[in-house]
Amino acid sequence: MVSRFQIEDMLTQDASGVVFRALDTETDQLVAVRRFFPFGVNGGGLSDEEQADYNIAVERLCGISHPAMRSIICGGCDPVDGMPFIATEWIEGASLQAFIERGPVSPQVAAHLLTQALEVCEEISRVLGEEDVWVETDVHTIIIGVEDSGRGITFWISPLRWLGKKDGQRGLEAIASLTEDLMGWREKAILDHEGGGLGGWLKWLRGATTRISLSEAREMLAGLGGPPPATAAKRMVRPAVRGPAIKTPKRKSSLPFVLFGTLLLAAISLGGWALIHWNNARLRATVDSMHLLDPGEETTGTVIPPEPPAPEPRPKSRSAAQASLEAVELSLQAKAAETQNPVKATIPNEVFSIKDSARLLKLGGKEVTLEGVLNGFKYSNKETSLYLVFSDKPDIGEARGSVVLKNAPADLHEDKLASLKGRKIRLSGKVRIENFGKTPIISLQSRAAIQKVE
């Protein structure tokens, strides 16, 4: 890991492991490197046998490609302490948590997101030979790529389930919990029809999370977010239990009277039809004789207009599944656009300050201008990035400028920028989101991106 990946910054750390932003020296691309703690922060690494199994799994998983999964570049175990790690593609974007903090997503978006999660899990299950929820379902780990990234929802493989060390949730319990988070249903009584049928689907899932397969759960989702499909309703609703038959006294059959009445009505109808048919035939013959006259001859009498042509067959409509998917995509795009492009951000030449940091989090990948009095400089943990900060002790959510020092021009190093300290400056560049959607960073590519404000 040390030889190939140049660590730039530590993004997050918890009891499960630590995540770094790093540069892949073989491709010059940014990657996310995760180092796992399979037995907790104070525990050791994997045994020799576990390391062998882990390396085989990584090799298989590197071949998986799905638009909703972070592609795995490589992985292995630290030769010193046996700690496992993986390197995955870097997705520029914001966490799903940032979206749902503004309110629950629409049922269409929820159904689409859950379907994507189940599809990825099915793909991984085929490779590993064991079915499980292999992706992380905490909303802060699910990333929605910025517009320029070309990616939508992306999931991260769950390291603890992969290593077989996770206790607690089993089967599809994690998918059920994710559904509640998306719809804002935590600790609420939900009716079957709520969420366009998602309520019934969730109850069905909760009732047998360890017995339902990934494909069954995904198939039941098809068409949800709107009226639930008939097949889903049949499987979600428990059949009524038949009670004992109730004996009723026998009555005399009324069949002869019914049969006689039916025959009489049929005879009357047949006679009426014949009379109408004979009259129409006479009228049609009259009309046909009129049509045979020469164009110059005049006719008198009533002319019955020709019957209108039969309407052309209507083109076949799109399948319900296709229409549902398109509606989900449009809803998801609208949700992303609403979050990433607030109305105020469309004002030309708007200048932001650190007070607008929360708004800048929603402008990932956009060109912006940040203004303020430069307080000083800070470095990333590995001193690969230089940060221009605007307060003495900036918190994690405060906007700042950033210079990636590798291959950066000499005039973007601290010694050349020191004269700006205490001066009011403007930084211009694209917004990059770090620390899992918590920190807006203005990427500085040249000295011209830093201007003094007189």
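Anything mentioned here points back to the structure above.
To keep things clear, this report deals only with the structure shown in the data block.

Rules used throughout
- Residues numbered from 1 in each chain as written.
- Predicted model: local features only at pLDDT ≥ 70, side-chain atom pairs only at ≥ 80, totals over all residues.
- Heavy atoms only, no water.
- Buried < 20%, exposed > 50% of the residue type's maximum accessible area, 1.4 Å probe, protein only.
- Helix = DSSP H or I, 4+ residues; strand = E, 2+ residues; numbered from the N terminus.
- Arc of directions from axis to C-beta.
- Pairing = 2+ DSSP bridges.
- Phe/Tyr/Trp six-rings, centres within 6.5 Å; stacked < 30°, edge-to-face > 60°.
- Lys NZ or Arg CZ within 6 Å of the ring centre and 35° of its normal.
- Salt bridge = Lys/Arg side-chain N within 4 Å of Asp/Glu carboxyl O.

Section: helix α7 (residues 214-221)
Regarding α7, the residues found buried are Leu214, Ala217, Met220 and Leu221. The buried side chains of α7 occupy one side of the element, clustering within an arc of 135° when seen end-on. Backbone geometry just downstream of α7 places Gly223 in the positive-phi region, at approximately 90°.

Thoughts on the pairing of strand β4 (residues 72-77)
Across five bridges, β4 lies against strand β5 (residues 84-89) in antiparallel orientation. Paired with Cys77 across the bridge in β5 is Pro84.

Observations concerning the packing of aromatic side chains
Here a ring pair, both rings aromatic, is described through the centre-centre distance and the interplanar angle of the planes. Using the criterion set out here, one finds zero aromatic pairs in the structure. Residue placement shows Arg34 over the ring face of Trp156; its charged tip is 4.2 Å from the ring centre. Over the aromatic face of Trp156 sits the side chain of Arg70, whose NZ or CZ is 4.2 Å from the ring centroid.

A few points about helix α6 (residues 198-207)
Of all ten residues that make up α6, seven are buried, and the element is covered over most of its length. Looking at α6, one finds that the buried residues are Leu198, Gly199, Gly200, Trp201, Leu202, Trp204 and Leu205.

Considerations on the pattern of salt bridges
Throughout the structure, instances matching the rule amount to 18 salt bridges. For Arg186, the salt bridge goes to Asp181, with nearest N and O atoms at 2.7 Å. You can call Asp181 partly exposed: its relative accessible area is 24%. Among the ionic pairs, Asp192 bridges to Lys203, the shortest N-O distance being 3.4 Å. Of this pair, Asp192 sits in the loop between α5 (173-183) and α6 while Lys203 sits in helix α6, and the two are eleven residues apart along the sequence. Given a relative accessible area of 44%, Lys203 falls into the partly exposed group. Through salt bridges with shared partners, a single network forms among Glu173, Glu180, Asp181, Arg186 and Arg206.

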